[in-house]
Amino acid sequence: MRARSGAPPFYLHADDAGPHQSPEPNLDLAPHLPNSPKGSMKGTKFKEQDPCPSQSMQGLGKGDKREEQGLGPEPSVPPQPTEEEEALIEFHRSYRELFQFFCNNTTIHGAIRLVCSKHNRMKTAFWAVLWLCTFGVMYWQFALLFAEYFSYPVSLNINLNSDKLVFPAVTVCTLNPYRYTEIKEELEELDRITEQTLFDLYKYNSSYTLKAGARRRSTRNLRSALPHPLQRLHAPPPPYPARAARSSSSSVRDNNPQVDRKDWKIGFQLCNQNKSDCFYQTYSSGVDAVREWYRFHYINILSRLPDTSPSLEEEALGNFIFTCRFNQAPCNQANYSQFHHPMYGNCYTFNNKNNSNLWMSSMPGVNNGLSLTLRTEQNDFIPLLSTVTGARVMVHGQDEPAFMDDGGFNLRPGVETSISMRKEALDSLGGNYGDCTENGSDVPVKNLYPSKYTQQVCIHSCFQENMIKKCGCAYIFYPKPKGVEFCDYRKQSSWGYCYYKLQGAFSLDSLGCFSKCRKPCSVTNYKLSAGYSRWPSVKSQDWIFEMLSLQNNYTINNKRNGVAKLNIFFKELNYKTNSESPSVTMVTLLSNLGSQWSLWFGSSVLSVVEMAELIFDLLVITVLMLLHRFRSRYWSPGRGARGAREVASTPASSFPSRFCPHPTSPLPSLPQQGTAPSLALTAPPPAYATLGPCAHPLDSAVPGPSACALGEP
Amino acid sequence: MAPGEKIKAKIKKNLPVRGPQAPTIKDLMHWYCMNTNTHGCRRIVVSRGRLRRLLWILFTLTAVALIIWQCALLVFSFYTVSVSIKVHFQKLDFPAVTICNINPYKYSAVSDLLTDLDSETKQALLSLYGVKDFPEAKAQKRREARSMRSTGEGSQPRFLNLIPLLLFNENEKGKATDFFTGRKRKISGKIIHKASNVMHVHESKKLVGFQLCSNDNSDCATYTFSSGINAIQEWYKLHYMNIMAQVPVDKKINMSYSAEELLVTCFFDGMSCDARNFTLFHHPMYGNCYTFNNRENATILSTSMGGSEYGLQVILYINEDEYNPFLVSSTGAKVLIHQQNEYPFIEDVGTEIETAMSTSIGMHLTESFKLSEPYSQCTEDGSDVPITNIYNAAYSLQICLYSCFQTKMVEKCGCAQYSQPLPPAANYCNYQQHPNWMYCYYQLYQAFVREELGCQSVCKQACSFKEWTLTTSLAQWPSEASEKWLLNVLTWDQGQQINKKLNKTDLAKLLIFYKDLNQRSIMESPANSIEMLLSNFGGQLGLWMSCSVVCVIEIIEVFFIDFFSIIARHQWQKAKDWWARRRAPLSSETHSSRQGQDNPALDTDDDLPTFTSAMRLPPAPEATVPGTPPPRYNTLRLDSAFSSQLTDTQLTNES
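Here the structure is a predicted model, which means the values were calculated and not measured. (Residues numbered from 1 in each chain as written. Chains lettered and ligands numbered in written order. Predicted model: local features only at pLDDT ≥ 70, side-chain atom pairs only at ≥ 80, totals over all residues. Heavy atoms only, no water.)

When helices and strands are tallied, chain A shows 22 helices and 22 strands. Taken over 713 residues, chain A has a buried fraction of 54%. Here chain A displays about 31300 Å² of accessible surface, and carbon together with sulfur accounts for 57% of that area. (Helix = DSSP H or I, 4+ residues; strand = E, 2+ residues; numbered from the N terminus. Buried < 20%, exposed > 50% of the residue type's maximum accessible area, 1.4 Å probe, protein only. Areas by Shrake-Rupley, 256 points an atom, 1.4 Å probe, with all protein chains shown as cover.)

Below, the structure is given as structure tokens:
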């Protein structure tokens, strides 16, 4: 078949393994054939032919062979001699052979011309330039494609859905936290001082002050009982201890820039624990100042009140909500839950998550929504706290808390307010594509609310966390964790100072709340728009008022200002979902890479595997050659004896035990065709150097017809 | 050895039979792998070493699997859309604006029709709640009382008899008091709106409701209301619809407000306009509505500028004295902004306008175009929705839902619901013809809300639509300072229609304008085209295996056609062998030997499939013997090959 001419040094060695083998005349294939037919004979034949390896290697070889037969396309029934004698893994004996093999069989288009066109230098150079060009262009394109992919671009999808919609939760608040009569004792002192302050600052005589005019002198000293008195400040306030400031504490270093910068007129002073640092919380308008000041004290009073004192529960639902209908059907106990907000009073949340069965809207329009008639009389409001009359309504998701501060809608008394909603959902991609969080579990802020994560929840929790850390007490408008109490200047004298400082830092985002709290990936919001009409109409008001009064056992004195009507409904059932999707997916990236690759190179991933195989082969051959050289230097004499020694040493060492030549071809006289390896070096995987049985080469690389034609003469 | 095997070995070695005419499947595979352009296959064959070969088989199969997987992903994501949002700045068409008074008909005009109903309602209020004081009705009281006596002396009240208002006592279940007759009635059947006790924590546990029964009184449903207001209004509306259903449309239009009456002043885009710019649209529940900028055969008006100066400014006359006290409880007008060919669903989505207020509505236009099937479930014009559009307007989801409901209503109850248009060959429900339609309607409506009628699943949304996002703001109007002269001038203006001095609570000002002339268009376009898909396929095929469509064809050819032709040949050979054995059992053993079937020499004689495939892929040129007639091609070559070496086999073959 093939002559073994031009073999590398170890070829000689391989050759001298020959004598160990079964008789040399087996060049002809025929003598082997008798052994082959029965499948069960494989093993024995293997052994017979295999002079060198140990038993264990045989077993391995056998097993692998069977496995291959199962997988491979070759049928197992007529065992061909060539297949039969193939080893587990075979190596080329020389670089040249390897390259020849590679050049013949590679699928990399340019490379064939470059490496394998050895005859024409100019051609080689030309191909080298061409190859480099295409290689460069391809990698440039690859870089562009990867850059696009790793910038994680998203594309916007707008879906319009028209399903039955879950009606959102609706929270309605009375805008009056407590009945004035019930909280009067607690507020008495504060109110008196406020009246006094108003009189002092603005010469305003309220009825209360007049009534208590006799007591005014006695209350004057009471004023000092409350910390942080309201003061009129000079504009601009003096850089050094103001007169007003001196009166309260002589050691004030009034160097706060806030005081210097602004020329507010009315404010109150806040100091830290040891009065070393003070600043004025100032307002340009006296109304704001008084309200804020009142609110500040009110918070302190509230924190002293027991958590749930039933006497302070202002009104039952029936007293606030006259009628309630959803989808033309009356509401019932299971449809709402109640909570108390320190500023907005009693709030009733309809259709929140503990509603027994959530309300659904299958039709748009006023008739298919929530309709409430509310009592908005304010005869018992806290005069200085509630400056707004009416009611406050908010639409929010079922498992979101109602932040009445953040997204409310005030209802006017005597007016029917129709709020039409339009749902919008926003789904953004998380992970690499955008900065959002799925459920808030990866946000370093503890959720203090018993609800799902929203950005607002997170920011409030973050503020409260900072408040507790810095001021040692919890702000009353946000929920508190266990074991912390709400702020009260009787206990934490300087919390006001701390709070306003913190508030400033919070607004400037030096607390990091806004960066810590990421937006949730899916957000649902309701766009509201309102229409108003006078209610009840002049013609119908008589019987309506009459009936309301009769029904609720209570006279509506203020007629029109005492009631308000609210309709909340879906304007349309189409809701828009803005969602993001990756605009370059892995599939398109791969397709684009493949297109570029095919365009410039015409090779494939399998070609890369070919290259890897080539490199691997090169390395192994190099190692084998080095080993051989090394060995031949040390064991130069006694060639024949060496083989036997090697057999003994085989199992333990990683030495190449020997290189077995392939059985010679039946036509030794043929010139070498250089297309396929005639001899393969075999080595089983456990130790590549220990060579397995010598297999007969399959002259598969040679195109059949040519062999036949050549063989003919 | 046996001569047969020897022959086989020789043939194998010498025959150039590779390719389609390969003698065995194994050879076919070998040929394919050697000659295909698909990467990996060649390596399976040329690699030395079983492990190497195995690895290459694995690599190749993995690549094939990856290609199939990736291409499947590409196909599945084919129908995706990409959205583009464009903002145009252009002169915008002004939308149609429909304005209605909340009160449908002038009370003075309809009072003739509603006298009985009103007096009975008052009576009910009196006996139920003790409401007797009707200041505005005091003048009428005597007259009413007279008419009451005249009609009611001997005869029973009509409406309360038809559907009696009932007083339910929580304590006695299943019992109700007919408040008019005072008799206790046994209530059978289910109580639909099981009212809560929430509203009545402080008061007697009395509920008001009414009972609706089916035709044969066998099945009744009782509707109770937590609030008497709702009960009365609902009860009143029920009868009102019955009465109005019998009134012809012309008469109804006359009873309602005229355009001149409703619209006191009109100003559009800096130009004066009047009632002639409005078209009448009669709505069953809102009476006469007037639509601006929806005149037939007229060009659609457009605004040249944004801002309140260039929009529509109207002052509406809302005569509160003419309000129906029981039907409507709020005062004002309703306005709806819609497309010219769209039906105004004023009762659902209209925005209320308050009297003595100036309402500014700023608009922002957004247009959306969606792709229909197979990208999404939307319909271009509703022609593929199996619901006939009973409205004289372009398709919309809401029109479809209402049409569906109305059609079902006509089907089930035999008459049409009053607040929606009439389908062909149907009448509005009234008690004269359909005594128990109300029960039917309520049941049907419940079923509709629960999506049992299938309307929601049949109706699809429209693919393209315009929407105007509205921002409403309010201001007191007219101001204290301007009130005096303004009301005087307006009174003088309206002298023909109204002969009374206008009050500020009779008027409402409305401004509708574009906030800016930016129009946002949201367009969907297919994200993938066929070319894109093919080039992506090409990319995947190239990436993993550097293969192409030709490779795929090759695979089909080799693996299906040739594969089966070889199998068929073998079967043919077997059959022939079997036949030969039967014929001559003493024939040479080579024939009967099992390996014989692999021998190409045996089947070359009459195996036509081999030949045909040989024609497709001609063998290597050196193998052909020139001048040999094709049918004998293989045989000839074999002959020459064997004649030189093994004459005996040739002889057996020939025999």
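Having seen it, we continue.
Residue and element names in this part refer to chain A. Within the open sheet, the five strands sit side by side as β10-β11-β4-β14-β15. Their pairing is antiparallel. For this open sheet the edge positions go to β10 (336-341) and β15 (409-411), each flanked by a neighbour on one side alone. The average undirected angle you get between the axes of adjacent strands in this sheet is 25°. Examined bridge by bridge, β10 and strand β11 (residues 345-350) share six bridges and lie antiparallel to one another. From the neighbouring strand, His340 faces β11, where its bridge partner is Asn346. (Pairing = 2+ DSSP bridges. Axes fitted to C-alpha atoms, helices over the stretch in contact; angles between N-to-C directions.)

Here we take up the state of the cysteines. All names here are of chain B. Under the criterion given, the structure shown has 13 disulfides over all chains. The disulfide partner of Cys415 is Cys429, and the S-S distance across this bridge is 1.8 Å. Here Cys415 and Cys429 share a disulfide; its torsion about the S-S bond, 90°, makes the bridge right-handed. With Cys415 in the loop between α12 (397-413) and α13 (437-449) and Cys429 in the loop between α12 and α13, the pair connects residues that are 14 residues apart, well separated along the chain. The pair Cys415 / Cys429 is uniform in exposure class, with both members buried. Note on Cys41: no disulfide assigned, nearest cysteine sulfur contributed by Cys33 at a separation of 4.6 Å. With no disulfide partner, Cys551 has as its closest neighbouring cysteine sulfur the one in Cys547, 4.3 Å distant. (Disulfide = S-S within 2.5 Å.)

Another point: the confidence of the model for chain A. Residue and element names in this part refer to chain A. In this model, chain A carries an average pLDDT of 68, and 63% of its residues clear a pLDDT of 70 or more. Taken together, the stretch residues 209-224 has pLDDT below 50 and engages in 20 contacts with residues farther than four places along the chain or on a different chain. Low pLDDT, under 50, characterises residues 310-314; the predicted model gives this stretch 13 contacts beyond four residues in sequence or across chains. (pLDDT = per-residue confidence, 0-100. Contact = heavy atoms within 4.5 Å.)

Following the sequence through the fold, Ser533 of chain A ends up in strand β19 (residues 522-534). Here Ser533 of chain A falls in the buried class, since its relative accessible area comes to 0%.

So, about the nonpolar core. With 119 residues, the main nonpolar core has Ile99 and Ile512 of chain B as its most contacted residues. Ignoring sequence-local partners within four residues, the contact set of Ile512 of chain B consists of Phe94, Val97, Gly311, Leu312, Val335, Ile337, Ile361 and Met363 of chain B. Ranked by size, the runner-up nonpolar core spans 67 residues in total, among them Ile183, Leu230, Met467 and Cys471 of chain A. (Core = buried A, V, L, I, M, F, W, Y, C linked by side-chain atoms within 4.5 Å.)

Here the distance between the centres and the angle between the planes together describe a pair of aromatic rings. Residue and element names in this part refer to chain A. Evaluation of the coordinates by the stated rule reveals 54 aromatic pairs over all chains. Measuring from centroid to centroid gives 6.2 Å for Phe146 and Phe150, while their planes differ by 15°, and the two rings are stacked. Of the two residues, Phe146 and Phe150 are both situated in helix α7 (residues 121-150); the distance of four residues between them amounts to about one turn of the helix. On the basis of relative accessibility, which here comes to 33%, the residue Phe146 falls in the partly exposed class. Taking the centre distance of 4.8 Å and the plane angle of 65° together, the rings of Phe167 and Phe326 count as edge-to-face. (Phe/Tyr/Trp six-rings, centres within 6.5 Å; stacked < 30°, edge-to-face > 60°.)

Here we take up the confidence of the model for chain B. All names here are of chain B. This prediction gives chain B a mean pLDDT of 76; 73% of its residues lie at or above 70. Long-range and interchain partners of residues 135-155, a stretch whose pLDDT sits below 50, account for twelve contacts in this model, where long-range means more than four residues apart. In the predicted structure, residues 187-204 sits below a pLDDT of 50 and forms 60 contacts with residues beyond four places in sequence or in another chain.

All names here are of chain A. Considering the arrangement of structural elements, one finds Ile89 in the loop between α4 (81-84) and β1 (90-91). On the basis of relative accessible area, Ile89 is assigned to the buried category, the value being 4%. Sequence separation between Ile89 and Asn272 is 183 residues; the distance between their C-alpha atoms is 83 Å.

Glancing now at empty space enclosed by the protein. By rolling a water-sized probe across the atoms, one finds the places where empty space is left. Summed over the entire model, instances satisfying the criterion amount to 18 cavities of 30 Å³ or more. One number sums up the size of the largest cavity: a volume of about 1200 Å³. Contributing elements (two or more residues each) for the lining of the largest cavity: β8 (321-326) and β20 (563-570) of chain A together with α8 (228-245), α11 (346-349), α12 and α13 of chain B. A class-by-class count of the residues in the lining of the largest cavity yields 20 nonpolar, 16 polar and nine charged. (1 Å grid on protein atoms, 1.4 Å probe; cavity = no way out; pocket = protein on both sides within 12 Å on 5 of 7 lines; lining within 4 Å. Points joined across faces, edges and corners; volume = space filled by probe spheres on them. Nonpolar A, V, L, I, M, F, W, Y, C, P; charged D, E, K, R; others polar.)

All names here are of chain A. Where α7 contacts helix α19 (residues 586-600), the axes come no closer than 9 Å and their chain directions differ by 170°. Here α7 lies roughly antiparallel to α19, going by the angle between them. Mapping the contact onto sequence places Thr134, Val137, Met138, Gln141, Phe142, Leu145, Phe146 and Tyr149 in α7 and Met586, Leu589, Asn592, Leu593, Gln596, Trp597 and Trp600 in α19. Along the lines of polarity and charge, the residues of the contact of α7 with α19 split into eleven nonpolar, four polar and no charged. (Parallel < 35°, antiparallel > 145°, perpendicular 65-115°, else oblique.)

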